[in-house]
Amino acid sequence: MAKKQKPLLKEVIKHIDITKIDSTKIIDSMRDMSFSSRDTANAADILQLMIKNKNCTNWLILAGSTSAGGCMQAYVDMIRFNMIDCVVATGASIIDMDFFEALGYKHYKGTPFIDDSLLRKHYIDRIYDTYIDEEELQYCDATIRKIADSLEPRPYSSREFIWETGKWLTKNAKKKNSLIQTCYEHNVPIFVPAFSDCSAGFGLVMHQVNRRKAGKPFLTIDSVADFYELTQIKLAAKTSGLFMIGGGVPKNFAQDTVVCAEILGHDVPMHQYAVQITVADPRDGACSSSTLKEASSWGKVDTVHEQMVYAEATTVVPLIVSYAYHKGDWKKRKQFEWAKLYSKPTKTTKAKVKK
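A quick note: this is a predicted structure, and the numbers were derived from the prediction, not measured.

### Some words on the overall build of the protein
Link 1 in the chain: In terms of helices and strands, the protein carries 14 helices and 11 strands.
Link 2 in the chain: Oriented by its inertia axes, the alpha-carbon framework of the protein measures out at about 55 × 50 × 40 Å.
Link 3 in the chain: Here the protein, with 355 residues, has 53% of them falling under the buried criterion.
Link 4 in the chain: Long-range contacts, defined here as pairs at least 24 residues apart, represent 78% of the contacts in the protein between residues at least 6 apart.
Link 5 in the chain: Summed over its atoms, the accessible surface of the protein is roughly 15,900 Å², and 53% of this surface lies on carbon and sulfur atoms.
Link 6 in the chain: Both charge centroids of the protein, one from 48 positive and one from 41 negative side chains, sit 6 Å from each other.

Below, the structure written as structure tokens:
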């Protein structure tokens with residue numbers, strides 16, 4: 001593809017650095033305001049409760065495009081500064097946005113007020129007002145295939161495959177502080193329950209098709225293993241809190257671990273803390289927009305410490321995460337390192353899960 005597209009890819013999206021912006025005063029002021037401001041301050045307080053509870057395992061749930069829109073470094077910093085112990089996300093957040101940038105590529109400022117057929121002609125993909133080079137995204141697909149080709153051909157949970165991707169990035173990343181690599185280095189597992197719904201899917205399709213043609217065995221992704229592995233964390237942790245950006249499959253997947261534990265014969269508490277930041281309307285009955293109080297009726301989330309924040313996430317996530325960073329309670333947290341749960345012998349792992 002000719003480089004004629006490059007004039008449209010000029011201004012790079014810059015990810016906000018929450019360590020350089022102290023939001024404590026604005027959050028403290030918002031606590032005495034109304035509407036979404038007060039909700040945002042309450043959400044920041046709940047995240048603080050999650051961080052300060054020494055027994056609480058904190059889950060970051062990601063859906064939508066905030067990683068491409070400038071919040072990626074905020075999520076990396078939540079791992080780096082030991083606020084989060086487990087990540088559940090869409091494939092787009094982890095592969096199309098984070099892994100994509102780890103390969104050295106960028107997201108660019110664009111506009112929704114443009115002829116999309118023109119963008120297609122120049123091989124540019126649009127996420128509202130953000131642009132991505134489609135050729136670079138296809139290289140991302142091909143790199144996933146390359147990683148898959150290098151692994152033992154067997155079923156993998158998405159966590160296992162992303163773990164191998166993090167290992168690959170330690171030697172090959174162009175950008176060293178990606179979410180995948182940071183989680184790998186801090187023993188924080190990442191789950192993508194709908195793993196084929198992103199660049200990883202294209203890469204794995206190429207892997208399987210070529211292996212089939214060659215008469216060779218191939219790698220698959222086992223979503224049931226994902227569900228059980230994440231439920232193992234809930235069983236071992238017991239006390240847990242959810243910090244959720246958006247909704248959809250990652251949100252329901254994380255919440256359903258309580259129900260899964262129950263049907264496996266284990267008595268575990270509901271998620272004790274929960275924050276959801278969303279603009280979705282709950283009136284259509286969709287999971288993405290179901291409130292946390294509704295989740296309580298299913299036995300998933302306790303309502304003592306829960307907060308819905310109806311806001312576009314890039315406007316409030318930096319404030320909430322900056323508040324948590326500058327309050328500094330993360331310095332006193334132990335590291336759970338749940339990724340090590342799966343590297344232990346089967347007998348030991350089962351014993352830990354049944355506590």
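### Topic: the confidence of the model for the protein
Link 1 in the chain: Mean pLDDT over the protein: 92, with 93% of residues reaching 70 or higher.
Link 2 in the chain: Of the regions scoring below 50 in pLDDT, residues 1-5 engages in eight contacts with residues more than four places distant in sequence or in other chains.
Link 3 in the chain: Low pLDDT, under 50, characterises residues 345-355; the stretch is placed with 13 contacts to residues that sit more than four places away or in other chains.

### Looking at the sheet that holds strand β10 (residues 271-278)
Link 1 in the chain: Overall, parallel pairing links the six strands, which are arranged β7-β2-β1-β9-β10-β11 in an open sheet. Either end of the sheet is taken by a strand with one partner, and the two such strands are β7 (190-191) and β11 (301-310).
Link 2 in the chain: As paired elements, strand β1 (residues 57-62) and strand β2 (residues 86-89) share four bridges and run parallel to each other. Residue pairing across strands places leucine 60 opposite valine 87, the latter belonging to β2.

### Some words on the nonpolar core
Link 1 in the chain: With 71 residues, the main nonpolar core has Ile95, Phe99, Phe243 and Ile277 as its most contacted residues.
Link 2 in the chain: The element best represented in this core is helix α13 (residues 313-327), accounting for eight residues.
Link 3 in the chain: Excluding its chain neighbours within four sequence positions, the residues that come into contact with isoleucine 95 are Phe100, Cys140, Ile144, Ile180, Phe195, Cys198, Ser199 and Ala200.
Link 4 in the chain: Among the nonpolar cores identified, the runner-up in size contains 20 residues, and Ala236, Leu242, Ala274 and Phe336 belong to it.

### Brief notes about the pairing of β2
Link 1 in the chain: Here β2 shows two buried faces, one formed by Cys86 and Val88 and the other by Val87 and Ala89.
Link 2 in the chain: In this fold, the crossover linking β1 to β2 by way of helix α3 (residues 67-80) has right-handed handedness.
Link 3 in the chain: The pairing of β2 with β7 spans two bridges and is parallel. Looking at the pairing, valine 88 lines up with phenylalanine 191 of β7.

Rules behind the numbers
- Residues numbered from 1 in each chain as written.
- Predicted model: local features only at pLDDT ≥ 70, side-chain atom pairs only at ≥ 80, totals over all residues.
- Heavy atoms only, no water.
- Helix = DSSP H or I, 4+ residues; strand = E, 2+ residues; numbered from the N terminus.
- Buried < 20%, exposed > 50% of the residue type's maximum accessible area, 1.4 Å probe, protein only.
- Contact = heavy atoms within 4.5 Å.
- Areas by Shrake-Rupley, 256 points an atom, 1.4 Å probe, with all protein chains shown as cover.
- Lys, Arg positive; Asp, Glu negative; His and termini not counted.
- Charge placed at Lys NZ, Arg CZ, Asp CG, Glu CD.
- pLDDT = per-residue confidence, 0-100.
- Pairing = 2+ DSSP bridges.
- Core = buried A, V, L, I, M, F, W, Y, C linked by side-chain atoms within 4.5 Å.
- Right-handed = clockwise from strand over helix to strand, strands pointing away.

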